[in-house]
Amino acid sequence: MRTPTAMIVGMVLCHCGLLLTFTGTVAPSWRQVSHMSNQPIDVVLEQGIWDICTEQQSTHDRLCGQADELAYFEQVPVRVAQGMMPTSLALSLLGLVVAALGVRCWQKEPQHLLAGVAGLMLLLSGLLSLVPASWYTHELWTLPAPAEGTLVAGYGLVLSYLGSCLEILGGLALALSFHHCCKERRAPRLPPSPSLEAGPWSTTGAFCNPWDVLEDERDRQQQRSTLPCDSDL
């Protein structure tokens, strides 16, 4: 049996979503602050959920590990992202392992129930990464930032969004495997055909009529043979 299309699509989307989510998690650019006062115009401050970096765009000099003077990492959206993003990555890895065992491309029949469970796990992992990304976006302009700076969303936040959406779609595609399990359980089981049942005098498994249909014909022939003829008189 060929691997169902929904399973292939789900596996591809979940792998891509995991890669994007991982890149967005470790990237130090969830928010960019530019045009800051008392700073050159080409200096950009990049804030992630783990690190803060500054980059001078004219020379491409980048310096990470900046001091958190504004208590940026103490904010609730940042702390929530620090907890939920790694949890989402771990659940995604576990879900992909379960999905690989369920899809089983190297065998004829996939394990539909196992693939459906993996789809639910990957769907949950996508939601776990989508929640902190959405919350951070909602609080983007209220988090501490240098005075008179221009705030924009960084590429790390965008990648986290895309990865979360791909994992959710991939999880839904794998969760469609539950439909196949329901069809197997609801399918009526037909009784075996009488022609395939072995009769009391059959050795081949075919249907055998227990009545002898030639018995009456043989009785008539015996009666005719016992009647007297003219030569016997």
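Residues numbered from 1 in each chain as written. Predicted model: local features only at pLDDT ≥ 70, side-chain atom pairs only at ≥ 80, totals over all residues. Heavy atoms only, no water.

### With respect to the overall build of the protein
1) Next: Secondary structure assignment for the protein yields 6 helices and 5 strands.
2) Next: Mapped from its N terminus to its C terminus, the protein presents α and β elements in the order α-β-β-β-β-α-α-β-α-α-α.
3) Next: Expressed as a percentage of the 233 residues in the protein, the buried residues total 35%.
4) Next: Considering only intrachain contacts with a sequence separation of at least 6, the fraction spanning at least 24 residues in the protein is 66%.
5) Next: For the protein, the accessible area works out to roughly 14,500 Å², and carbon and sulfur atoms hold 63% of it. (Helix = DSSP H or I, 4+ residues; strand = E, 2+ residues; numbered from the N terminus. Buried < 20%, exposed > 50% of the residue type's maximum accessible area, 1.4 Å probe, protein only. Contact = heavy atoms within 4.5 Å. Areas by Shrake-Rupley, 256 points an atom, 1.4 Å probe, with all protein chains shown as cover.)

### Some remarks on the packing of aromatic side chains
Each aromatic ring pair is specified by the distance between its two centres and by the angle formed by the two planes.
1) Next: Overall, the coordinates contain 2 aromatic pairs when judged by the stated rule.
2) Next: Ring centres 5.2 Å apart and planes at 80° place the aromatic pair W30 and Y136 in the edge-to-face group. Linking W30 in the loop between α1 (5–26) and β1 (31–34) with Y136 in helix α3 (residues 112–138), this pair joins segments that are 106 residues apart in sequence.
3) Next: A centroid spacing of 5.2 Å and a plane angle of 65° characterise the contact between Y72 and F73, whose relative ring orientation is edge-to-face.
4) Next: Classification of F73 as buried rests on a relative accessible area of 18%. (Phe/Tyr/Trp six-rings, centres within 6.5 Å; stacked < 30°, edge-to-face > 60°.)

### Structural notes on the confidence of the model for the protein
As a note on interpretation, predicted positions should not be read in detail where pLDDT is low.
1) Next: When pLDDT is averaged along the protein, the result is 81, and 75% of the positions lie at 70 or above.
2) Next: At the level of individual helices and strands, the protein shows its lowest average pLDDT in helix α6 (residues 215–226), which scores 62, and its highest in helix α4 (residues 155–175), which scores 93.
3) Next: With pLDDT under 50 throughout, residues 195–199 is counted as low confidence; its partners more than four residues away or in other chains account for 11 contacts.
4) Next: In this model, residues 201–205 is a region of pLDDT below 50 whose contacts with residues beyond four sequence positions or in other chains number 7 contacts. (pLDDT = per-residue confidence, 0-100.)

### Side note on the pattern of salt bridges
1) Next: Scanning all chains against the criterion turns up 3 salt bridges.
2) Next: Measuring nitrogen to oxygen at the nearest pair gives 2.5 Å for the salt bridge that ties E46 to R62. In this pair, E46 sits in strand β2 (residues 43–47) while R62 sits in strand β4 (residues 61–64), placing the two residues 16 residues apart along the sequence.
3) Next: Overall, the relative accessible area of 5% leaves E46 in the buried class.
4) Next: Residue R62 is classed as partly exposed on the basis of its relative accessible area of 38%.
5) Next: For E74, the salt bridge identified is with R79, shortest N-O distance 2.8 Å. (Salt bridge = Lys/Arg side-chain N within 4 Å of Asp/Glu carboxyl O.)

### Some thoughts on the pairing of β1
1) Next: Relative to β2, β1 runs antiparallel, the two sharing 3 bridges. In the strand pairing of β2, Q32 is matched with E46.
2) Next: Examined bridge by bridge, β1 and strand β5 (residues 150–153) share 4 bridges and lie antiparallel to one another. Along β5, the bridge assignment pairs V33 with L151. (Pairing = 2+ DSSP bridges.)

### Some remarks on the packing of α3 against α4
1) Next: Two elements in contact, α3 and α4, have axes whose closest approach is 7 Å; the angle formed by their N-to-C orientations is 155°. By the angle between their axes, α3 is roughly antiparallel relative to α4. Like other packed secondary-structure pairs, α3 and α4 cross with a definite hand, here left-handed.
2) Next: Grouping the constituent residues of the contact of α3 with α4 by class yields 14 nonpolar, 10 polar and 1 charged. (Axes fitted to C-alpha atoms, helices over the stretch in contact; angles between N-to-C directions. Parallel < 35°, antiparallel > 145°, perpendicular 65-115°, else oblique. Left-handed = near helix turned anticlockwise from the far one by under 90°. Nonpolar A, V, L, I, M, F, W, Y, C, P; charged D, E, K, R; others polar.)

### Notes on the nonpolar core
1) Next: Ranked by size, the top nonpolar core spans 18 residues in total, and within it W30, Y72, V78 and Y136 carry the most contacts.
2) Next: Put simply, the parts of the chain that give this core at least two residues each are β2, α2 (76–103) and α3.
3) Next: When residues in this core are grouped by element, the largest group, 3 residues, is from α2.
4) Next: Counting residues in hydrophobic clusters, the runner-up holds 15 residues, among them L18, V98, V103 and A118. (Core = buried A, V, L, I, M, F, W, Y, C linked by side-chain atoms within 4.5 Å.)

### Topic: the sheet that holds β5
1) Next: Read across the open sheet, the 5 strands follow the order β4-β3-β2-β1-β5; overall the sheet is antiparallel. The sheet is open, and its two borders are formed by β4 and β5, each paired with just one other strand. Put simply, the sheet's adjacent strands are angled 20° from each other on average, direction ignored.
2) Next: The sheet contact formed by β2 and strand β3 (residues 52–56) spans 5 bridges and is antiparallel. Following the sheet pairing, E46 is matched in β3 by C53.

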